[in-house]
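# Topology and contacts: notes
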Amino acid sequence: MPVPILKQRDYLIASIQAALSDEDLRKLRQALVAQVGEFRSRGVIVDVTALDVMDSFAARTLRDLAHMSRLRGAETVIVGIQPEVAFAMVQLGLTLQGVTAALDLEEGLTYLNRKTRQRKRAK
Amino acid sequence: MRDEARDLAEETVVPIKVDSDIVTARQQGRALASLVGFSATDATLIATAISELARNIVLYATRGEIALTAVENGGRPGVIVVARDKGPGIPDLRRATAGGYSTSGGLGLGLAGVRRLMDEFEIVSEVGTGTTVTARKWKQ
């Protein structure tokens, strides 16, 4: 099931709607990294609210996506990790190190706005 | 609830061959866990363990199956997850079930993680014959 990617100003927002297979996750990573260049995006938000399980493969793919996007000049925020999913992730030892997470879409946007403002000021 | 659990004493077998089967297996596992009365959190732990076990089959053995059974032990409901494959087997079991070991570019947490997610964990593996992992979780 493909994940719809919404372009909003300088950001790309991907909302996962249902359980994803490994192939769906790989395609999402590829599409986002490509679109960061295509739309000159400064931020990527991946909303995982509807994701049933975050196992080692999903966590690794999202971590890689965040690192790849950063190399292309965009910050990534993972939003909507549910409490039970967070619990399972910690038990599995998946900490998503080096990846920013926020409670929900609103918090994710606030984070990106702050980050991109800082960057503009630094110029 | 009881009767449903007893009805489900038969194994549900999900064949594992391609990566979409991983999703099917963990969804069936979650449904079974909820049916026997596990909380949403425990059902997610079980579904996550199934996801890891099913992925190991796709990655290392190409095909196998996940068998799910609802059980009861002295009035306490539980779920048994058995992951079977006829793959190459695991040469160094101790290393494979310790954290940090992986030959597939994963995070190397697979089996050690499954052990933490479930209450009981057994693994039998023979090189050239295959691997069977049995994991159980009991309702708190």
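Remember, predicted model here, so these are calculated numbers, not experimental data.

Rules used in this analysis
Residues numbered from 1 in each chain as written. Chains lettered and ligands numbered in written order. Predicted model: local features only at pLDDT ≥ 70, side-chain atom pairs only at ≥ 80, totals over all residues. Helix = DSSP H or I, 4+ residues; strand = E, 2+ residues; numbered from the N terminus. Rg over C-alpha atoms; globule rule 2.2 N^0.38 Å. Buried ≥ 20, exposed ≤ 12 C-beta atoms within 10 Å, placed from the backbone. Pairing = 2+ DSSP bridges. Axes fitted to C-alpha atoms, helices over the stretch in contact; angles between N-to-C directions. Parallel < 35°, antiparallel > 145°, perpendicular 65-115°, else oblique. Left-handed = near helix turned anticlockwise from the far one by under 90°. Contact = placed C-beta atoms within 7 Å. Nonpolar A, V, L, I, M, F, W, Y, C, P; charged D, E, K, R; others polar. pLDDT = per-residue confidence, 0-100. Core = buried A, V, L, I, M, F, W, Y, C linked by C-beta atoms within 7 Å.

## Some details on the overall build of chain A
- Across its full length, chain A carries four helices and five strands.
- The order of α-helices and β-strands along chain A, N terminus first, is β-β-α-β-α-β-α-β-α.
- Taking 14 Å as the expected radius of gyration for a compact globule of 123 residues, we find that chain A reaches 14 Å, a close match to that expectation.
- Based on the C-alpha atoms only, the size of chain A along its principal axes is roughly 40 × 25 × 20 Å.
- Taking all 123 residues of chain A together, 38% fall into the buried category.

## A look at the pairing of strand β1 (residues 5-8) of chain A
All names here are of chain A.
- Pairing analysis gives four bridges linking β1 to strand β2 (residues 11-15), with the strands arranged antiparallel. Within β2, the position partnered with Leu6 by the bridge is Ile13.
- Between β1 and the antiparallel strand that follows it, β2, lie two residues; Arg9 among them carries a positive phi value of about 50°.

## So, the packing of helix α3 (residues 40-61) of chain B against helix α5 (residues 110-117) of chain B
All names here are of chain B.
- Close contact between α3 and α5 brings their axes to 9 Å; oriented N to C, the two are set at 155°. With respect to each other, α3 and α5 are oriented roughly antiparallel. Read as a crossing pair, α3 and α5 show a hand that is left-handed. When α3 is examined against α5, the residues Leu45, Thr48, Ala49, Glu52, Leu53 and Asn56 are found in contact with a partner set consisting of Gly110, Gly113, Val114 and Leu117.
- Across the contact of α3 with α5, the residue classes break down as five nonpolar, four polar and one charged.

## Observations regarding the confidence of the model for chain A
- The share of residues in chain A with pLDDT of 70 or more is 99%, and the mean pLDDT across the chain is 94.
- Of all the helices and strands in chain A, helix α4 (residues 105-122) of chain A carries the lowest mean pLDDT, 89, while strand β3 (residues 43-47) of chain A carries the highest, 98.

## A few points about the interface of chain B and chain A
- Taken together, the contact between chain B and chain A spans 23 residues of the former and 17 residues of the latter.
- At the level of elements, α2 (19-35), α3 and α5 of chain B are the ones that each hand at least two residues to the side of chain B that touches chain A.
- The element contributing the most residues to the side of chain B that touches chain A is α3(B), with nine residues.
- When its residues are assigned to classes, the side of chain B that touches chain A shows eight nonpolar, 10 polar and five charged.

## Observations regarding the nonpolar core
Residue and element names in this part refer to chain B.
- Of all hydrophobic cores here, the largest spans 67 residues; its most connected members are Ala49, Ala54 and Ile66.
- The biggest single contributor to this core is α3, with 10 residues.
- Not counting chain neighbours up to four residues away, the residues in contact with Ile66 comprise Val14, Ile16, Ala25, Ile50, Leu53, Ala54, Val81 and Ala83.

## Notes on the sheet that holds β3(A)
All names here are of chain A.
- Spatial ordering of the open sheet is given by β1-β2-β3-β4-β5, a layout of five strands whose pairing is mixed. Strand pairing shows two members of the sheet lacking a second neighbour, β1 and β5 (100-102), which therefore form its edges. Strand-to-strand twist across the sheet, computed as the mean angle between neighbouring axes with direction ignored, equals 25°.
- Relative to strand β4 (residues 75-79), β3 runs parallel, the two being bridged by five bridges.

## Some points on the pairing of β2(A)
All names here are of chain A.
- With four of five residues buried, β2 lies mostly within the body of the structure.
- Direction of pairing for β2 relative to β3: parallel, over a ladder of five bridges. Directly across from Leu12, in β3, lies its bridge partner Val44.

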